[in-house]
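Commentary on secondary and tertiary structure
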Amino acid sequence: MFIRTDNKITRSQAVVFLTNTVLGAGILTMPRSVSQAMHTPDSWLAILLSGLLILPIVWLMTRLSQYYPGLTVFQYAGRIVGKVPGTVMGLMLIVFFLTIAGFEIRILAEVTLFFLLEGTPIYAIILPFIWVGTYLVSGGIQAIARVHQVVFPITVLVLLVSFGVSLRLFDIDHLRPVLGNGLGPVWDGVKASILIFSGCEVVLIIVGFADKPKHAVRTMLAGISIPSVLYLLTIIVVVGGMSVNTVITSTWPTLDLVRSFEITGFFIERLEFPLMVIWLMQMFCNFCSFFFQASLGVSQLFRLPSQPVIFALVPVIFLAALAVNNQKELFALGDIIGYMSVGLFVLVTIPLLVIQIIRSRGRKPNG
């Protein structure tokens, strides 16, 4: 049977699901990408502004989904704009989810290759993660949500402990002067930070699985606020501990910061290993979320059985992960994904919401 939305998730699961979907490789790469775009210590202002801008976007997505409780965007888009345009919108979302799933699993493999398994063929790292992810995605959204609930608190704990200990390197002068070059660089940083919030489109889907759709607005805003705060904390700690010039030259600045000190006499003297291991788990959860969204879309759009769809997408994701040849191309793909996310908001969310509001003639959504 094609994937249905009968399996509901609780409000806390929905919060963690959205958080884990957005909270991915950006923690490891975002300080470098934003600092490279700005070349000023105001990168924290760019992340703060990005976090504030994403809130109304998530709110609009949630309100749109509340018009059709129990349905995902793959199911209600056709009801709003017609079958053919709705299918085209659904296909755009599927391509996006597959692209970002391949991107996340490749980033995961690159980190593993660089820090743990140097010299290992990249495909030998990617394949095991994809197959384990296939097993998890086959269990449905509840299985994924439960794994998210286990991994998320450990992720936050390890991240906060690592940042707390690294404060010994923090220098407030690395964050000064504030707005020394005006607002221009801040806007450049906002554009560069688009990627870290890519994936918030999952709101258009998970609201359909919510057991209490009337409370979806507060749930989704909470889910997007957590990664926003963590990203802001990351940029402050990393740039404050390393300086802008050092961050720009680092491929994985967050890990490099934690690698730059030891805790003598502590149970774990070097924290980069627990941080790296838990973040591999976090990126795996992130990958599984996008894998599930893509398989859900194919299953619901074409009314196909879920299990064959999931297995059919395995080679697609594998090829997507191997589509780039080096890290430079990989990070360029990340920028493209960010712009794809903006394009989907303009081409999918806004038209659907505007047409739905016009058709409803003032009727408020359920919530």
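We now turn to the structure provided with this report. (Residues numbered from 1 in each chain as written. Predicted model: local features only at pLDDT ≥ 70, side-chain atom pairs only at ≥ 80, totals over all residues. Heavy atoms only, no water.)

Re the overall build of the protein
Within the protein, the regular secondary structure consists of 15 helices and 0 strands. Against the 2.2 N^0.38 benchmark of 21 Å for 367 residues, the protein shows a C-alpha radius of gyration of 20 Å, consistent with a compact globule. Dimensions of the protein, computed from C-alpha atoms along their principal axes, come out at roughly 60 × 45 × 35 Å. Taken across its 367 residues, the protein has 57% of its residues classed as buried. The contacts in the protein between residues at least 6 apart in sequence include a share of 85% that link residues at least 24 apart. For the protein, the computed accessible surface area is about 15000 Å², with 67% contributed by carbon and sulfur atoms. In the protein, 23 side chains carry a positive charge and 16 a negative one; their mean positions are 21 Å apart. (Helix = DSSP H or I, 4+ residues; strand = E, 2+ residues; numbered from the N terminus. Rg over C-alpha atoms; globule rule 2.2 N^0.38 Å. Buried < 20%, exposed > 50% of the residue type's maximum accessible area, 1.4 Å probe, protein only. Contact = heavy atoms within 4.5 Å. Areas by Shrake-Rupley, 256 points an atom, 1.4 Å probe, with all protein chains shown as cover. Lys, Arg positive; Asp, Glu negative; His and termini not counted. Charge placed at Lys NZ, Arg CZ, Asp CG, Glu CD.)

Regarding the packing of aromatic side chains
Inspection of every chain in the model, using the stated rule, returns 10 aromatic pairs. Relative to F292, the ring of F209 has its centre 6.1 Å away and its plane inclined at 55°; by these criteria the two rings are tilted. With F209 in the loop between α9 (203-206) and α10 (216-242) and F292 in helix α13 (residues 272-302), the pair connects residues that are 83 residues apart, well separated along the chain. A residue is classified by how much of its surface remains accessible, and F209, at 1% relative accessible area, is buried. On the basis of an interplanar angle of 45° and a centroid distance of 6.5 Å, the ring pair of F284 and F287 is categorised as tilted. Here F284 pairs with F287, and both are found in helix α13, just 3 residues apart, close to one helical turn. By relative accessible area, F284 is classed as buried at 13%. Members of the aromatic cluster, connected to one another through ring pairs, are F129, F284, F287 and F291. Over the face of the ring belonging to F331 we find R32, whose NZ or CZ atom lies 4.2 Å from the ring centre. (Phe/Tyr/Trp six-rings, centres within 6.5 Å; stacked < 30°, edge-to-face > 60°. Lys NZ or Arg CZ within 6 Å of the ring centre and 35° of its normal.)

Comments concerning the pattern of salt bridges
The tally for this structure, following the rule as stated, stands at 3 salt bridges. Measuring nitrogen to oxygen at the nearest pair gives 3.0 Å for the salt bridge that ties D173 to R176. One salt bridge connects K191 with D188, and the closest N-O pair in it is separated by 3.7 Å. One end of the pair is K191 and the other is D188, both in helix α8 (residues 184-192) and 3 residues apart, which spans about a single turn. Given the relative accessible area of 36%, K191 is considered partly exposed. (Salt bridge = Lys/Arg side-chain N within 4 Å of Asp/Glu carboxyl O.)

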